[in-house]
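What follows is the residue order along each chain.
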Amino acid sequence: MLIADAHPETDTDTPLIFGVFPNMTAKQTLEIYQPLAKAMEKHLRRRVAVYSARDFKTFVERTRQGDYDILLTAPHLAWLARQDAGYRPLLKYAQPTRGLLVVKNSGPYRVAEDLRDQNIATPDPIAVAALAVQADMAALGLRRNIDYQIMDYGSHLNAVMQVINGRTAAAMLGLHPYRLLPADIREQLRIVVETAPLSSLMYLTHPRLRDQEANAIRRALLDFATTPEGKVFLQHGGYGGFVSVDGNELRAFRPYALQAEKMMQVAH
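Throughout, a residue's number is its position along its own chain's written sequence, starting from 1. This being a predicted model, a pLDDT of at least 70 is required before a residue's local features are given, and a value of 80 or more before pairs of side-chain atoms are given or counted; all residues contribute to the totals for chains, interfaces and linings. The side-chain quantities take in all heavy atoms of the structure and omit both hydrogens and water.

## So, the layout of surface pockets
A pocket here means an open set of points on a 1 Å grid, computed over the protein atoms alone, that has protein on both sides within 12 Å along at least five of seven lines. A cavity is instead a set of points where a 1.4 Å probe fits but cannot get out; residues with an atom within 4 Å of a point line either one. Grid points are joined across faces, edges and corners, and a volume is the space filled by probe spheres set on the points. Its volume calculated, the largest pocket comes out at about 200 Å³. Lining the largest pocket, in full, are Pro35, Lys38, Ala39, Lys42, His43, Ala220, Asp223, Phe224, Thr227 and Glu229. Comment: elements are numbered from the N terminus, with helices defined as DSSP H or I runs of at least four residues and strands as E runs of at least two. Among the secondary structure elements, those contributing two or more residues to the lining of the largest pocket are helix 1 (26-44) and helix 8 (211-224). Residue contributions to the lining of the largest pocket peak at 5 residues, all from helix 1. When residues are grouped by polarity, Ala, Val, Leu, Ile, Met, Phe, Trp, Tyr, Cys and Pro land in nonpolar, Asp, Glu, Lys and Arg in charged, and all others, Gly among them, in polar. Here the residues of the lining of the largest pocket sort into 4 nonpolar, 2 polar and 4 charged.

Written out as structure tokens, the structure is:
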């Protein structure tokens, strides 16, 4: 799915493909990432086209095939991107994310244990926020598909709307997407589980981009953070700026990465 405006061609005819992790709806992704894409275009003097995918699994497959020049993805999928296609980590959002389990404020559920035998909405079973919430629930003796059922709704917003509309008892989502929800929706939710901090989304570049291009993209992101639009972007998502990623940090996500990989193979 291409979600980008038609731009006049700049110095190079072929656009750089910026693959954005599909944890939001296509409309949200475009609204949020278009200013960043435009800032990169100016800096790189090359068109930047924002792409996503209809679901996480398709996004991971396209990543493995090297479809994206610039990649923004979750840390466990960044580990897979490096393993499978040699993507190189550039930067990540400074502010860690967390997995959240939310219920409707006006509903009967107060704690995670109240959700036994209930349906819970997720953006996708391989979302790191969902995996982290499930690990916390397992520690409370609640096992997925035994003590509660998971239903996938494709994006954090869609998952939350199931709770608001009374279709599921709860939803799992990430802290950053939660912050991007309209205030009137957030007001209707209660958080019953909040996981320990997790590394946030990471920017990577495909190995076909030379060091010079990767460095120019890094500079473009860091420069964007200092602009008025960049400050609004970072504040709105609660991202706190861009910082470097080290390899050890990625290695810590190997268990989640292997779990996600296994789930995708089963879904084949």
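## A closer look at empty space enclosed by the protein
With the rule as written, the count across this model stands at 3 cavities of 30 Å³ or more. Forming the boundary of the largest cavity are 20 residues, of which Asn23, Thr97, Gly174, Pro177 and Leu201 lie nearest the centre. Listed by contribution, the elements that provide at least two residues to the lining of the largest cavity are helix 4 (128-139) and helix 6 (175-179). At 3 residues, helix 6 tops the list of elements feeding residues into the lining of the largest cavity. For the lining of the largest cavity, the class distribution of residues is 13 nonpolar, 7 polar and no charged. Within this model, the second largest cavity holds a volume of roughly 70 Å³.

## Things to note about the packing of aromatic side chains
For Phe, Tyr and Trp, rings pair up if their centres lie within 6.5 Å, where Trp contributes its six-membered ring, and each pair is then called stacked (planes under 30 degrees apart), edge-to-face (over 60) or tilted (otherwise). A complete count under the given rule lists 14 aromatic pairs for this structure. An angle of 75 degrees between the planes, with centres 5.4 Å apart, marks the rings of Tyr33 and Phe233 as edge-to-face. Pair noted here: Tyr33 is in helix 1 and Phe233 is in helix 9 (residues 228-237), with a separation of 200 residues, a long-range link. The pair formed by Tyr33 and Phe233 is uniform in burial state, with each residue classed as buried. Using a 1.4 Å probe on the protein chains alone, a residue whose accessible area is under 20% of its type maximum counts as buried, one over 50% counts as exposed, and one in between counts as partly exposed.

## Some details on the confidence of the model for the chain
The quantity known as pLDDT measures the predictor's confidence residue by residue, on a range of 0 to 100. For the chain, the mean per-residue pLDDT works out to 91, and 95% of the residues sit at or above 70. Predicted confidence for residues 1-11 stays below pLDDT 50, and this span has 31 contacts to residues more than four positions away or in other chains. Should any heavy atoms of two residues lie within 4.5 Å, those residues are counted as being in contact.

## Looking at the nonpolar core
By nonpolar core is meant a set of buried Ala, Val, Leu, Ile, Met, Phe, Trp, Tyr and Cys residues that side-chain atoms within 4.5 Å join together. Of all hydrophobic cores here, the largest spans 82 residues; its most connected members are Phe18, Tyr33, Met40, Tyr93, Leu101, Tyr203 and Phe233. Setting aside residues no more than four positions away along its own chain, Tyr93 makes contact with Tyr33, Leu72, Ser200, Leu201, Tyr203, Phe233, Leu234, Tyr239, Gly241, Phe242 and Val243. In terms of nonpolar packing, the next biggest core, distinct from the first, is built from 14 residues, Val102, Ile164, Ala171 and Ile185 among them.

## Some remarks on the pattern of salt bridges
Any carboxyl oxygen of Asp or Glu within 4 Å of a side-chain nitrogen of Lys or Arg constitutes a salt bridge here. All chains considered together, the criterion is met by 12 salt bridges. Residue Arg116 pairs with Asp147 through a salt bridge whose shortest N-O separation is 3.0 Å. Pair noted here: Arg116 is in the loop between strand 5 (99-104) and strand 6 (119-122) and Asp147 is in the loop between helix 4 and strand 7 (149-152), with a separation of 31 residues, a long-range link. By relative accessible area, Asp147 is classed as buried at 7%. Overlapping salt bridges bring together Arg64, Asp84 and Glu261 as one network.

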